[in-house]
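Structural features, examined
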Amino acid sequence: MRIDILTLFPEMFRIFDESIIGRAKSKGLFEINAVNIREYTLDKHKSVDDAPYGGGSGMVMTPQPLFDSIAHVKEKNGGKVIFLGPKGRKFDQRLAEELSRENELVFLCGHYEGIDERAYSVIDMEVSIGDFILTGGEMAAIPIIDSILRLLPGVLGKDESSQEESFTEDLLEYPHYTRPEDFRGMKVPEILLSGHHENIRQWRRYMMLKATREKRPDLYRRHVLSRDDQKILKKFEEQK
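Quick summary incoming for the structure in this document. (Residues numbered from 1 in each chain as written. Predicted model: local features only at pLDDT ≥ 70, side-chain atom pairs only at ≥ 80, totals over all residues. Heavy atoms only, no water.)

Digging into the sheet that holds strand β5 (residues 80-90)
With parallel pairing, five strands are arranged side by side in an open sheet as β2-β1-β6-β5-β7. In this open sheet, the two edge strands, each paired with only one partner strand, are β2 (31-36) and β7 (125-128). Averaged over all neighbouring strand pairs, the angle between strand axes comes to 35°, with direction disregarded. When strand β1 (residues 2-7) meets β2, the two strands line up parallel, connected through six bridges. Counted as the bridge partner of Thr7 is Asn36 from β2. The strands touched by helix α2 (residues 63-74) are β1, β2, β5 and β6 (104-109); relative to β1, the strand with the most contacts, the crossing angle is about 165°. (Pairing = 2+ DSSP bridges. Helix = DSSP H or I, 4+ residues; strand = E, 2+ residues; numbered from the N terminus. Axes fitted to C-alpha atoms, helices over the stretch in contact; angles between N-to-C directions. Contact = heavy atoms within 4.5 Å.)

Observations concerning the environment of His45
You can see His45 is positioned in the loop between β2 and β3 (49-50). Under the relative-accessibility criterion, His45 is labelled exposed at 61%. When the C-alpha positions of His45 and Arg118 are compared, they lie 23 Å apart, and in sequence the two are 73 residues distant. (Buried < 20%, exposed > 50% of the residue type's maximum accessible area, 1.4 Å probe, protein only.)

Section: the environment of Ile191
Along the polypeptide, Ile191 turns up in the loop between β9 (186-187) and α5 (197-215). Judged by relative accessible area, which is 23%, Ile191 ranks as partly exposed. When the C-alpha atoms of Ile191 and Arg201 are compared, they prove to be 9.9 Å apart, with 10 residues separating the residues in sequence. With sequence-adjacent residues up to four places away left out, Ile191 is seen in contact with Asn199, Ile200, Trp203 and Phe236.

The structure is reproduced here in structure tokens:
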């Protein structure tokens, strides 16, 4: 996968040189480039914003640097242009999976009060990470790109999996424990020490269902209970 990020602050994306994603990048599992929008301005001051027509507070990103930077990137990257903005589709795991199947993507990070409306003519998709305000699109782009990259084949490695994580089935993940078995009187559930793989699987599944029902009822309502889910719920709730 190739990802180009149009931004006023390319140094912010050095984070993708670190940890698991950084190791995957060094192996050539994907290519990611941060492109400075200011390099495409035409005036000596490298201005990228101006006051809005009609008055009002704040500044607006001007169309010329946006159009020209997108056009330049599109010469090598034919992927969808995704703008990080408040009017877009709410980002979730389904969209992460959808975008992870693309070969190329372009992310546009806005700033100030937003972008000139005419720039939407060269944008394919607007995406939001929630109903709150950030200082810039970079803050939204980082978690979105991370969630996409970790779904690419080989990125998590042989011993790590994204198949049983939170939100993969509209369910939260089950609880995890490691050594010591007894920490300050708090003990690991006995079932995890039993060595009985099927019982452990059922317990973990029950904990996923239970946690989602209690903490994220919106997700739980969306999840379609399988026959196995129904049996597991009945089994563990009868044991209470």
